[in-house]
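Below are the chains, spelled out letter by letter.
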Amino acid sequence: AMRMLKAQGLIDVKHGKGMYVTLSQTEAFTDALITSLRRDNASAWDVEQFEQLLLPQIIALASTEATDNEIQNIKSSADIYLKSYEEMINQEEFADEKHLRELQKKSKTTFVNYMRSIFESTHNKLIMLLGDVLINLRKWRTVSDVEEILPKMVNLEKVIINMYVKAIETRNSEKASKMVQTGINYDSSMVSIM
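Residues numbered from 1 in each chain as written. Predicted model: local features only at pLDDT ≥ 70, side-chain atom pairs only at ≥ 80, totals over all residues. Heavy atoms only, no water.

Draft legend 1. How the structure looks around the nonpolar core. I59, Y114, M115, I118, Y164 and I168 are the most contacted members of the largest nonpolar core, which has 33 residues in total. Mapped onto this core, the elements with two or more residues apiece are α3 (44-65), α4 (68-91), α5 (97-121), α6 (125-137), α7 (149-169) and α8 (173-183). Apart from the residues lying within four places of it in its own chain, the contact partners of I168 are I59, A62, S63, A66, I71, I74 and I118. (Core = buried A, V, L, I, M, F, W, Y, C linked by side-chain atoms within 4.5 Å. Buried < 20%, exposed > 50% of the residue type's maximum accessible area, 1.4 Å probe, protein only. Helix = DSSP H or I, 4+ residues; strand = E, 2+ residues; numbered from the N terminus. Contact = heavy atoms within 4.5 Å.)

Draft legend 2. View of the packing of α3 against α5. Running from N to C, α3 and α5 cross one another at 65°; their axes reach a closest spacing of 8 Å. Viewed along their axes, α3 and α5 form a crossing whose handedness is left-handed. Contact residues: α3 offers L55, I58, I59, A62 and E65, while α5 offers M115, I118, F119 and S121. Looking at side-chain class alone, the contact of α3 with α5 contains seven nonpolar, one polar and one charged residues. (Axes fitted to C-alpha atoms, helices over the stretch in contact; angles between N-to-C directions. Left-handed = near helix turned anticlockwise from the far one by under 90°. Nonpolar A, V, L, I, M, F, W, Y, C, P; charged D, E, K, R; others polar.)

Draft legend 3. Quick look at α8. Taken together, the buried positions of α8 are occupied by A176, S177 and V180. Buried residues of α8, seen end-on, are gathered within an arc of 95° and therefore sit on one face of the element. Residues of α8 that are exposed and point more than 90 degrees away from the buried face comprise E174 and T182. Between the side-chain oxygen of the N-cap and the backbone nitrogen of E174 there are 3.1 Å, and the N-cap of α8 in question is N172. (Arc of directions from axis to C-beta. Polar contact = N/O pair within 3.5 Å; in protein donor to acceptor, adjacent residues only side chain to side chain.)

Draft legend 4. Unusual backbone geometry, seen in detail. Non-glycine residue H123 carries a positive phi angle of around 60°. You can see H123 is positioned in the loop between α5 and α6. In this structure, R171 is a non-glycine residue whose phi angle is positive, near 60°. Looking at R171, the relative accessible area reads 35%, which means it is partly exposed.

Draft legend 5. Molecular detail of the pattern of salt bridges. In total, this model carries seven salt bridges according to the counting rule given. The shortest N-O distance in the salt bridge between E86 and K158 comes to 3.5 Å. Taken together, the positions of E86 in helix α4 and K158 in helix α7 put the pair 72 residues apart, joining distant regions of the chain. (Salt bridge = Lys/Arg side-chain N within 4 Å of Asp/Glu carboxyl O.)

Draft legend 6. Broad picture of the packing of α4 against α5. Relative to each other, α4 and α5 sit at 160°, their axes nearing to 8 Å. Taken together, the axes of α4 and α5 lie roughly antiparallel to each other. When you trace α4 past α5, the crossing you get is left-handed. Of the residues contributing to the contact of α4 with α5, the split by class is 11 nonpolar, 10 polar and four charged. (Parallel < 35°, antiparallel > 145°, perpendicular 65-115°, else oblique.)

Okay, here's the thing in C-alpha cells:
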C-alpha cells in the first residue's frame, strides 16, 4: 500500500526518518507527464507550443477576473522576477558555480511566483492546477553562449513579461488574447532549436 501511495506521489518515504505526505500533488503528475513525454520523444517545442495555445486564453481570463489588488501583485511579481532574471544573466559568466545555482534558483522562484499570480487571478481551479504543472515542465534553457546575445535575452524577457501585465491591465479579454498571441510567436530557427 505504501509503495502504491509513493508511486502516486502522495507520500515521500525517507529512510530512517519515516513517511511524509507530499506537499505538492502536482509534482507526481508532472513527473508522470515528463516520463510520458520522454517515452514519446517529445521536444521542448511540444511543451512550448502547448503553452502558446493556452497562455493567450489564460491571460484573457485574467484580464476580466483579476481584482485591482491582484493586478498590482502581478506587476510587483513581474518586477521582482525581471530584476532577478537580469542579475542571473549578468552574473552567468562571472559567478562561481555555487553562486550561479543560487541565482538560478532565485530567478526560477520569482518566475514561479509571477506566473502563479497570473494563474490565481483567473480564479479557475483547473488553470491554477494546470499552471503549476506547466511551470514544473519548464526548465531553464541555454540557446547560445554568445556574449552579445545576453542583453538581448534580458530585453526580450522584459518585453514578454511586461506584455502579459499590459494585456491583463486592458480588462478586455479579446484584446488581451490578441496581444499575447502576437507577442509569443517564435521564428522558425528558434522552433528548430527547441
